[in-house]
Amino acid sequence: MVRILAPDRRAIQEAAGILGAGGLVAFPTETVYGLGAIATNDRAVSRIFTVKQRPLHNPLILHVLDRAAANPLVVWTEPASALADAFWPGPLTLVVTREPSAPISPLVTSGLPTVAVRAPAAPTARRLLEETLLPLAAPSANPSGRVSPTTAAHVADGLDDAVDLILDGGPCSVGVESTVVDVSGEQPVLLRPGGVARGELEAVVGPLAAVGRDDTVRSPGQLASHYAPRRPVRLDAGDPAPDEAFLAFGDVPAGGAVSSNLSPSGDLEEAARNLFAMLRELDRDDVRAIAVAPIPRDGLGEALNDRLARAAAERG
Ligand code: TXA
Ligand code: MG
């Protein structure tokens, strides 16, 4: 059984010690729990890929405290600076050109000339970064392709003692992963909708270009099937069958064999916080499928619909 510790001073110091020795520590960010390794340590970073069974061509996000900590790692562009100033610390990841002399394992970027970087807002993540003083490579702390973890228990469920330690900061406050924007060039490109809504970003840098689902060069991680529960997922379901679990949203009657409501009041932020935990709860052997109510596409709804579409996609 993996050890799970409340993130007090001693636990943070122990976590930093484990990381320094090349270990893996799962820690809470405001979006989802991350599986962290010191980004300069090749062997530690390669363990992340092994433990998650993640394809080596899918690069990782670097976590840093702030812009100053990112300076040696990245080549800033105007839109990158504008977005970092507006949204860091917070659930926004910037893809920028990698500083060629950056002291990070080449595995982090899967050999790409670009690197993804973000400054998390969650206090536990920040205390850990203050203690390590090195960038942490951290993907979501789940087996590749499965539902992302928003509690320490979810991490233990998926990875158990493949992780050296889990810091338990309680449930994540945002609940879906960071928005990923490619700002390596002049025109920002939205690679993954997430915790910062498109409208907020566009208010700062103007319209975001879209990336094709199949543009695997630009966006190596955006596989169609992802975030997948074991049971099949059926979208835009108004009326769940008696042998389906029902993931409801808004003021609709409960139905199906069992149901959970993402937000009875129709609040998309509340729905984002609940999404992954409720998908896990409803992923039961005694139901045939998970039927999901329609969810609006505005604001955080874009990220919610993106995750649900991938959860429902044909499995590879
Ligand atoms: O909220 C989050 O972003 C969480 C927490 C732990 O920070 N992390 C996370 O990591 O979601 P992960 O590995 O599950 O997703 C990282 C995404 C992938 O889709 C990956 O392909 C993309 O970022 N990415 C990383 N580096 C990239 C690069 N150089 N170019 C394009 N996409 C990149
Ligand atoms: Mg992930």
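*Asks:* Quick question: what am I supposed to make of the overall build of the protein here?
*Replies:* Within the protein one finds nine helices and 16 strands. If one aligns the C-alpha atoms of the protein with their principal axes, the spans along those axes are about 60 × 45 × 35 Å. For the protein, buried positions account for 55% of its 316 residues. When contacts within the protein are restricted to residue pairs at least 6 apart in sequence, those whose partners lie at least 24 apart make up 67%. Accessible surface, the protein: about 13,100 Å² in total, of which carbon and sulfur atoms supply 51%. Placing the 28 positive and 38 negative side-chain charges of the protein at their respective mean positions leaves the two points 5 Å apart.

*Asks:* What is the right way to read the site of ligand 1 from this model?
*Replies:* Taken together, the neighbourhood of ligand 1 is formed by 26 residues, with Thr-31, Arg-54, Asn-58, His-63 and Ser-178 sitting nearest. Taking Thr-31, its side chain carries an N or O atom lying 2.6 Å from an oxygen atom of ligand 1. Within the side chain of Asn-58, an N or O atom sits 2.6 Å from an oxygen atom of ligand 1. Summarising the interface, the protein chains cover 96% of the accessible area of ligand 1, which totals 690 Å² for the free molecule.

*Asks:* Is there a simple way to explain unusual backbone geometry in this structure?
*Replies:* Glycine aside, a negative phi is what most residues show, and trans is what most peptide bonds show. Here the residue pair Trp-88 and Pro-89 is connected by a cis peptide bond, since its omega of -10 degrees sits within 30 degrees of zero. In this structure, Tyr-227 takes a positive phi of about 55 degrees despite not being glycine. Looking at the element boundaries, Tyr-227 is found in the loop between β12 (209-210) and β13 (233-234). On the basis of relative accessible area, Tyr-227 is assigned to the buried category, the value being 4%.

*Asks:* Explanation requested: the pattern of salt bridges in the structure shown.
*Replies:* Opposite charge on two side chains lets them pair, provided their charged atoms get close. Evaluated as defined, the whole model comprises 13 salt bridges. A salt bridge links Arg-198 to Glu-202; its shortest N-O distance comes to 3.5 Å. Of this pair, Arg-198 and Glu-202 both sit in helix α7 (residues 198-205), four residues apart, which is roughly one turn of that helix. Arg-307 is the salt-bridge partner of Asp-306, the closest N and O atoms lying 2.6 Å from each other. Pair check on accessibility: Asp-306 and Arg-307 agree, each one buried. Salt bridges sharing partners connect three or more residues here, namely Glu-177, Asp-306, Arg-307 and Arg-310.

*Asks:* Whenever I open this one, the sheet that holds strand β14 (residues 244-248) confuses me. Can you help?
*Replies:* Two pairing modes exist for strands in a sheet, parallel and antiparallel, and in both the strands are linked by backbone hydrogen bonds. In space, the four strands of this open sheet follow the order β13-β16-β14-β15, with parallel pairing throughout. Single-partner strands in this sheet number two, and they are β13 and β15 (258-261). Alignment of β13 against strand β16 (residues 289-292), held across two bridges, turns out to be parallel. Across the sheet, Val-233 pairs through a bridge with Ile-290, a residue of β16. Where helix α8 (residues 268-282) meets the sheet, it contacts β14, β15 and β16, and its direction lies at approximately 175 degrees from that of β15.

*Asks:* Help me understand empty space enclosed by the protein in this model?
*Replies:* A probe as big as a water molecule, rolled over the atoms, marks out the empty space that is left. Following the criterion strictly, the structure yields one cavity of 30 Å³ or more and no others. Space inside the largest cavity adds up to approximately 40 Å³. What lines the largest cavity is Thr-179, Leu-190, Pro-193, Gly-194, Val-196, Ala-197, Arg-198, Gly-299, Leu-300, Glu-302 and Ala-303. Per-class residue counts for the lining of the largest cavity are six nonpolar, three polar and two charged. Two domains each put at least three residues into the lining of the largest cavity: domain 1 (4-210) and domain 2 (233-312).

*Asks:* When you look at the domain arrangement of the protein in this model, what are you seeing that I'm missing?
*Replies:* The parts lose accessible area when they come together, and the size of an interface is often stated as this lost area. Segmentation of the protein into domains returns domain 1 (4-210) and domain 2 (233-312). Each of domain 1 and domain 2 has a C-alpha centre, and the two are 27 Å apart. Listed per partner, the contact involves 21 residues of domain 1 and twelve residues of domain 2. In total, domain 1 and domain 2 occlude about 1,400 Å² of area from one another, counting both sides; carbon and sulfur atoms represent 57% of this. Per-residue buried area on domain 1 facing domain 2 is highest for Val-147, Val-176 and Pro-193; these three make up 37% of the total on that side. Arg-198 is the salt-bridge partner of Glu-302, the closest N and O atoms lying 2.9 Å from each other. At the boundary of domain 1 with domain 2, the tally comes to six residue pairs in polar contact (both at pLDDT 80 or more). Listed by contribution, the elements that provide at least two residues to the side of domain 1 that touches domain 2 are α6 (152-159) and β11 (189-192). Within the side of domain 1 that touches domain 2, the residues separate by chemical class into nine nonpolar, eight polar and four charged.

*Asks:* Please explain the nonpolar core as it appears in this structure.
*Replies:* Here is a general trend for soluble globular proteins: nonpolar side chains tend to be buried in one another's company. Judged by nonpolar contacts, the single largest core of 47 residues is most densely connected at Trp-88, Leu-92 and Val-117. Breaking this core down by element, the ones donating at least two residues are β3 (33-38), α2 (42-52), α4 (78-87), β6 (92-98), β7 (114-118) and α6. The next biggest cluster of nonpolar side chains, apart from the first, holds 27 residues, and it includes Ala-271, Val-287, Ile-290 and Leu-304.

Cut-off values and rules
- Residues numbered from 1 in each chain as written.
- Chains lettered and ligands numbered in written order.
- Predicted model: local features only at pLDDT ≥ 70, side-chain atom pairs only at ≥ 80, totals over all residues.
- Heavy atoms only, no water.
- Helix = DSSP H or I, 4+ residues; strand = E, 2+ residues; numbered from the N terminus.
- Buried < 20%, exposed > 50% of the residue type's maximum accessible area, 1.4 Å probe, protein only.
- Contact = heavy atoms within 4.5 Å.
- Areas by Shrake-Rupley, 256 points an atom, 1.4 Å probe, with all protein chains shown as cover.
- Lys, Arg positive; Asp, Glu negative; His and termini not counted.
- Charge placed at Lys NZ, Arg CZ, Asp CG, Glu CD.
- Near = heavy atom within 4 Å.
- Polar contact = N/O pair within 3.5 Å; in protein donor to acceptor, adjacent residues only side chain to side chain.
- Salt bridge = Lys/Arg side-chain N within 4 Å of Asp/Glu carboxyl O.
- Pairing = 2+ DSSP bridges.
- Axes fitted to C-alpha atoms, helices over the stretch in contact; angles between N-to-C directions.
- 1 Å grid on protein atoms, 1.4 Å probe; cavity = no way out; pocket = protein on both sides within 12 Å on 5 of 7 lines; lining within 4 Å.
- Points joined across faces, edges and corners; volume = space filled by probe spheres on them.
- Nonpolar A, V, L, I, M, F, W, Y, C, P; charged D, E, K, R; others polar.
- Domains from an automatic or database assignment.
- Buried area = accessible area lost by both parts, 1.4 Å probe.
- Core = buried A, V, L, I, M, F, W, Y, C linked by side-chain atoms within 4.5 Å.

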